[in-house]
Amino acid sequence: MENPELLIDIFLIIFIGMGPVKALLVYIGMTKDADRALQRRVAQKAIITATVVALLLLVAGAFFMRILHFTTSALTIAGGLILLILALNIVLSPAKKEEPDAPLDEGALLSKAIYPLGIPLLLNPVGIVALTVLSAETQSFLQVGAIALLVFLVAAIDFGVFLVSHRLDKFLTHERILVLEKLLGILLAALAVQMVLNGLAELGIITMGGGH
């Protein structure tokens with residue numbers, strides 16, 4: 001982990017796998033009618049949930065791989081397929097005009113902060129795969145500690161973004177949110193396909209002439 005470029009690469013992977021992009025729109029929609037204190041509690045619960053699971057995968061991911069007898073290639077393909085399903089659901093789901101729903105009560109909001117906000121929107125399949133693979137590849141407690149610090153850094157960024165997100169309410173009309181969701185879905189689909197291709201290439205099933 002002495003290589004700064006490697007740390008930057010790992011940070012970017014964790015940010016993609018645990019960043020606020022996908023979860024943000026859902027969070028804003030869920031908490032738009034809640035008071036500031038409740039919005040903060042929902043954000044905290046979602047981020048704590050994602051962070052605890054991320055650290056668990058980092059510490060015990062290699063152990064899970066050994067006892068369940070699957071390879072990093074299989075995990076990469078499985079994560080890519082799950083992400084592809086989620087992405088296709090975003091892209092292909094019909095655009096429905098939002099109707100005003102009854103605001104969710106505190107218990108329902110805090111429950112949704114765990115699922116689906118914390119998992120799998122905040123800590124998504126990319127992050128789950130990446131942290132499990134990193135768990136298998138790290139060779140010292142120092143390396144695990146460095147990656148854990150990157151997880152906490154991404155969690156802090158998530159919390160900061162969530163705290164200021166409701167200031168964007170007036171700019172995020174229903175139509176703009178739909179456009180952002182469809183665009184995000186397409187990008188996630190591309191990432192999912194790349195994950196599957198990477199896994200197949202690692203198994204020697206295909207040969208990739210380019211890409212990562």
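The preceding data block contains the structure.
All residue numbers here refer to positions counted from 1 along the written sequence of the relevant chain. Under the rules for a predicted model, residues below a pLDDT of 70 receive no local features and side-chain atom pairs below 80 are neither given nor counted, while totals for whole chains, interfaces and linings still include all residues. Hydrogens and water molecules were not included; the side-chain quantities draw on all heavy atoms of the structure.

### Some thoughts on the environment of Leu 58
Argument step 1. Relative to the elements of secondary structure, Leu 58 occurs in helix H3 (residues 36-68).
Argument step 2. What makes Leu 58 buried here is its relative accessible area of 2%.
Argument step 3. Placed 25 residues apart in sequence, Leu 58 and Leu 83 show a C-alpha to C-alpha distance of 20 Å.
Argument step 4. In this structure Leu 58 touches Leu 131, Leu 134, Ser 135, Val 144, Ile 147 and Ala 148, once residues within four positions along its chain are discounted. Numbering of helices and strands starts at the N terminus; helices are DSSP runs of H or I of at least 4 residues and strands are runs of E of at least 2. Exposure is judged per residue with a 1.4 Å probe applied to protein chains only, and the accessible area is read against the type maximum: over 50% gives exposed, under 20% gives buried, and values in between give partly exposed. Between two residues, a contact is recorded if the distance between any of their heavy atoms is within 4.5 Å.

### A look at the packing of helix H1 (residues 4-18) against helix H7 (residues 141-165)
Argument step 1. The contact between H1 and H7 brings their axes to 10 Å, and the two run at 45°. Judged on the interaxial angle alone, H7 and H1 are oblique. H7 is crossed by H1, and the crossing has right-handed handedness. Residues Leu 7, Ile 10, Phe 11, Ile 14, Phe 15 and Met 18 of H1 pack against Ala 146, Ile 147, Leu 150, Val 151, Leu 153, Val 154, Ala 155, Ile 157 and Asp 158 of H7.
Argument step 2. Across the contact of H1 with H7, the residue classes tally to 14 nonpolar, no polar and 1 charged. To obtain each axis, a line is fitted to C-alpha atoms, and for helices this fit is confined to the stretch in contact; angles are then taken between N-to-C directions over 0 to 180 degrees. Under this scheme an angle from 65 to 115 degrees is roughly perpendicular, one under 35 degrees roughly parallel, and one over 145 degrees roughly antiparallel; angles in between are oblique. For any helix crossing, the convention is left-handed if the near helix is rotated counterclockwise from the far helix by under a right angle, and right-handed if that rotation is clockwise. Ten residues, namely Ala, Val, Leu, Ile, Met, Phe, Trp, Tyr, Cys and Pro, are considered nonpolar, four, namely Asp, Glu, Lys and Arg, are considered charged, and the remaining ones, Gly among them, are considered polar.

### Things to note about unusual backbone geometry
Argument step 1. At the junction of Tyr 115 and Pro 116, the peptide bond is cis and its omega measures out at 10° in the coordinates.
Argument step 2. Position of Pro 116 among the secondary structure elements: in helix H5 (residues 106-122).
Argument step 3. Cis rather than trans, the peptide bond between Ile 119 and Pro 120 has omega equal to 10°.
Argument step 4. Its place among the elements puts Pro 120 in helix H5.
Argument step 5. Its identity is not glycine, yet His 69 carries a phi of approximately 60°, on the positive side.

### A short note on the environment of Ile 13
Argument step 1. One can find Ile 13 in helix H1.
Argument step 2. C-alpha of Ile 13 to C-alpha of Gly 79: the two residues are 66 residues apart in sequence and 14 Å apart in space.

### Here we look at a nonpolar patch on the surface
Argument step 1. Like-charged residues within 9 Å of one another, or nonpolar side chains (Val, Leu, Ile, Met, Phe, Trp, Tyr) within 5 Å, are grouped into patches, provided each residue has over 30% relative accessible area and no salt bridge. Here the accessible surface of atoms and residues is derived via Shrake-Rupley with a 1.4 Å probe, and residues count as covered only by protein chains that are part of the display. For this analysis, a salt bridge means a side-chain nitrogen from Lys or Arg found within 4 Å of a carboxyl oxygen belonging to Asp or Glu. On the surface, Phe 63, Ile 67 and Leu 68 cluster together into a nonpolar patch covering about 310 Å² of accessible area.
Argument step 2. One can find Ile 67 in helix H3.
Argument step 3. Taking the relative accessible area as the measure of exposure, Ile 67 reaches 46% and is therefore partly exposed.

### A few points about the nonpolar core
Argument step 1. Joining through side-chain atoms within 4.5 Å is the link that ties buried Ala, Val, Leu, Ile, Met, Phe, Trp, Tyr and Cys residues into a set, and such a set is a nonpolar core. Judged by nonpolar contacts, the single largest core of 34 residues is most densely connected at Ile 14, Met 18, Val 42, Leu 117, Leu 131 and Phe 162.
Argument step 2. Secondary-structure elements contributing two or more residues to this core are H1, helix H2 (21-31), H3, H5, helix H6 (125-137) and H7.
Argument step 3. The biggest single contributor to this core is H3, with 9 residues.
Argument step 4. Counting 12 residues, the second-largest nonpolar core is a separate cluster that includes Leu 75, Val 129, Val 133 and Ala 192.

### Re the packing of aromatic side chains
The geometry of an aromatic ring pair is captured by the separation of the ring centres together with the interplanar angle, meaning the angle of the planes.
Argument step 1. In summary, the pairing rule links any two rings of Phe, Tyr or Trp, Trp by its six-membered ring, whose centres are within 6.5 Å, and it sorts them by plane angle into stacked for under 30 degrees, edge-to-face for over 60 and tilted for everything else. Considering all chains together, one arrives at 3 aromatic pairs under this definition.
Argument step 2. For the ring pair Tyr 27 and Phe 162, a centre distance of 4.5 Å and an interplane angle of 10° mean the geometry is stacked. You can see Tyr 27 sitting in helix H2 and its partner Phe 162 sitting in helix H7, a full 135 residues away along the chain.
Argument step 3. Residue classification places Phe 162 among the buried residues on the basis of a relative accessible area of 0%.

### A short note on the environment of Lys 182
Argument step 1. The topology assignment puts Lys 182 in helix H8 (residues 174-202).
Argument step 2. Lys 182 sits in the partly exposed class, given a relative accessible area of 22%.
Argument step 3. Taking the C-alpha atoms as reference points, Lys 182 and Leu 121, separated by 61 residues in sequence, lie 15 Å from one another.
Argument step 4. Excluding residues that lie within four positions of it along the chain, Lys 182 makes contacts with Ile 90, Val 91, Leu 92 and Ser 93.

### Structural notes on the pattern of salt bridges
Argument step 1. Counted under the stated rule, the structure contains 1 salt bridge.
Argument step 2. Here Arg 41 and Glu 106 are joined by a salt bridge, their closest N and O atoms 2.3 Å apart. Of this pair, Arg 41 sits in helix H3 while Glu 106 sits in helix H5, and the two are 65 residues apart along the sequence.

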